[in-house]
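These are the residues of each chain, in order.
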Amino acid sequence: MGEFEVGQRIVHLAAIEDRGHVLAAVNAAAHQDADLIQKSGIEESGIDRRAAHGYVYKLMDKGGPTDVRESYFKEASEEMIRARTLCAKANATLPDDHSYMKYLEELFGRDLSDVRILTPFICDFGNRVKFGKGVFLNHSAILSASGGIEFEDGVIVAPGVRIATINHDMNNRHTIYTYGKVTVKKNAWLGMNVTICPGVTIGDNVTIGAGSVVVKDIPSNSVAVGNPARVVRNIKDATTTS
């Protein structure tokens, strides 16, 4: 399996095959780093603390697994509460009062003058979502974003779209999670009530028909529909937005 970086430490996993042993090795290194931080006193520095803590997101970026019982998961739990609170504030603002966007800008940590998002809207990890230019998310979108979501330029998302980037371990489904980033490439259009599953990439200029469930990558310049979604035709002479 190679090696895994935790803080300033390298955990060698070449000879580890059992998932529980992998978790134990990562958790042990994480706890050691936390002890070193506390003893050195650098935890008082916000920058140093963030640099040392981010290993929960490194686990997510590598597909997991993570264990909610471990102390390192607290960072993720805090982000979930932050995100849910900001979404609740945005959703509690009348839609004709554009001040709701300030809560979404705080959620995503960026100016959203080049992105349009309609409420109600739900996202559980604002720090795991990236937007290109000219992205439009219609109302009632649900982003389960811990594994990472990227919308490239010109993406259109219809009402009721759901994007999942997290999965539960089949044997330890209450505590152990795995992840897969979802990428929606330039000028793609997700129809009403589409569901995108973890690890999927939607290609440039793709159209996903309403109600479809996408479980695998969809190639550029194509139309896909159904459950599971399958390509039914290609789009000739498609062009992406600049």
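Residues numbered from 1 in each chain as written. Predicted model: local features only at pLDDT ≥ 70, side-chain atom pairs only at ≥ 80, totals over all residues. Heavy atoms only, no water.

### Section: the confidence of the model for the protein chain
Line of reasoning, step 1. For the protein chain, per-residue confidence averages 85 on the pLDDT scale, and residues scoring 70 or more make up 76% of the total.
Line of reasoning, step 2. Note that pLDDT drops below 50 for residues 1-17; the model gives that stretch 43 contacts with residues more than four away or on any other chain.
Line of reasoning, step 3. Across residues 33-52, confidence stays below pLDDT 50; counting only partners more than four residues off in sequence or on other chains, it has 11 contacts. (pLDDT = per-residue confidence, 0-100. Contact = heavy atoms within 4.5 Å.)

### Comments concerning the pattern of salt bridges
Line of reasoning, step 1. Here the structure, examined in full by the defined rule, presents six salt bridges.
Line of reasoning, step 2. One salt bridge connects Lys-74 with Glu-78, and the closest N-O pair in it is separated by 3.9 Å. On the criterion of helical spacing, the pair formed by Lys-74 and Glu-78 is a turn pair, its members being four residues apart in helix H4 (residues 74-91).
Line of reasoning, step 3. Across the pair Lys-181 and Glu-150 runs a salt bridge whose closest N-O atoms are separated by 3.1 Å. (Salt bridge = Lys/Arg side-chain N within 4 Å of Asp/Glu carboxyl O. Helix = DSSP H or I, 4+ residues; strand = E, 2+ residues; numbered from the N terminus.)

### Some details on the pairing of strand S8 (residues 141-144)
Line of reasoning, step 1. As paired strands, strand S5 (residues 121-123) and S8 are joined by three bridges and run parallel to one another. The residue of S8 that forms the bridge with Cys-123 is Leu-143. (Pairing = 2+ DSSP bridges.)

### Side note on the nonpolar core
Line of reasoning, step 1. Of all hydrophobic cores here, the largest spans 52 residues; its most connected members are Phe-121, Phe-131, Phe-151 and Ile-202.
Line of reasoning, step 2. With residues up to four places along the chain from it excluded, the contact list for Ile-202 reads Thr-183, Val-184, Lys-185, Ala-188, Leu-190, Ile-196, Ile-208, Val-214 and Ile-218. (Core = buried A, V, L, I, M, F, W, Y, C linked by side-chain atoms within 4.5 Å. Buried < 20%, exposed > 50% of the residue type's maximum accessible area, 1.4 Å probe, protein only.)

### Quick look at the environment of Tyr-100
Line of reasoning, step 1. Following the sequence through the fold, Tyr-100 ends up in helix H5 (residues 100-108).
Line of reasoning, step 2. Tyr-100 sits in the buried class, given a relative accessible area of 5%.
Line of reasoning, step 3. Sequence spacing of Tyr-100 and Lys-89 is 11 residues, and the spatial spacing of their C-alpha atoms is 7.5 Å.
Line of reasoning, step 4. Residues in contact with Tyr-100, not counting those within four places in the same chain, are Ala-90, Thr-93, Pro-95, Ile-117, Leu-118 and Thr-119.

### What to know about H5
Line of reasoning, step 1. Regarding H5, the residues found buried are Tyr-100, Met-101, Leu-104, Leu-107 and Phe-108. Within H5, the buried residues cover an arc of 110° as seen down the axis, which keeps them to one side.
Line of reasoning, step 2. Gly-109 occupies a position one or two residues after H5 and carries a positive phi of about 65°. (Arc of directions from axis to C-beta.)

### Remarks on the packing of aromatic side chains
Line of reasoning, step 1. As enumerated under the stated definition, the model contains five aromatic pairs in all.
Line of reasoning, step 2. Judged by centre distance (4.9 Å) and plane angle (85°), the ring pair of Phe-108 and Phe-131 falls under edge-to-face. One end of the pair, Phe-108, is in helix H5; the other, Phe-131, is in strand S6 (residues 129-131), with 23 residues separating them in the sequence. The burial state of Phe-108 is the same as that of Phe-131; both residues are buried.
Line of reasoning, step 3. Ring centres 5.6 Å apart and planes at 15° place the aromatic pair Phe-131 and Phe-151 in the stacked group. Of this pair, Phe-131 sits in strand S6 while Phe-151 sits in strand S9 (residues 149-151); the two residues are 20 residues apart in sequence, bridging distant segments of the chain.
Line of reasoning, step 4. Through a chain of ring-to-ring contacts, three or more aromatic side chains come together here, namely Phe-108, Phe-121, Phe-131 and Phe-151. (Phe/Tyr/Trp six-rings, centres within 6.5 Å; stacked < 30°, edge-to-face > 60°.)

### A short note on the state of the cysteines
Line of reasoning, step 1. Per the stated rule, a full pass over the model turns up zero disulfides.
Line of reasoning, step 2. Unpaired in terms of disulfides, Cys-123 finds its nearest cysteine sulfur in Cys-87, a separation of 5.7 Å.
Line of reasoning, step 3. Using a relative accessible area of 1% as the deciding quantity, one classes Cys-123 as buried. (Disulfide = S-S within 2.5 Å.)

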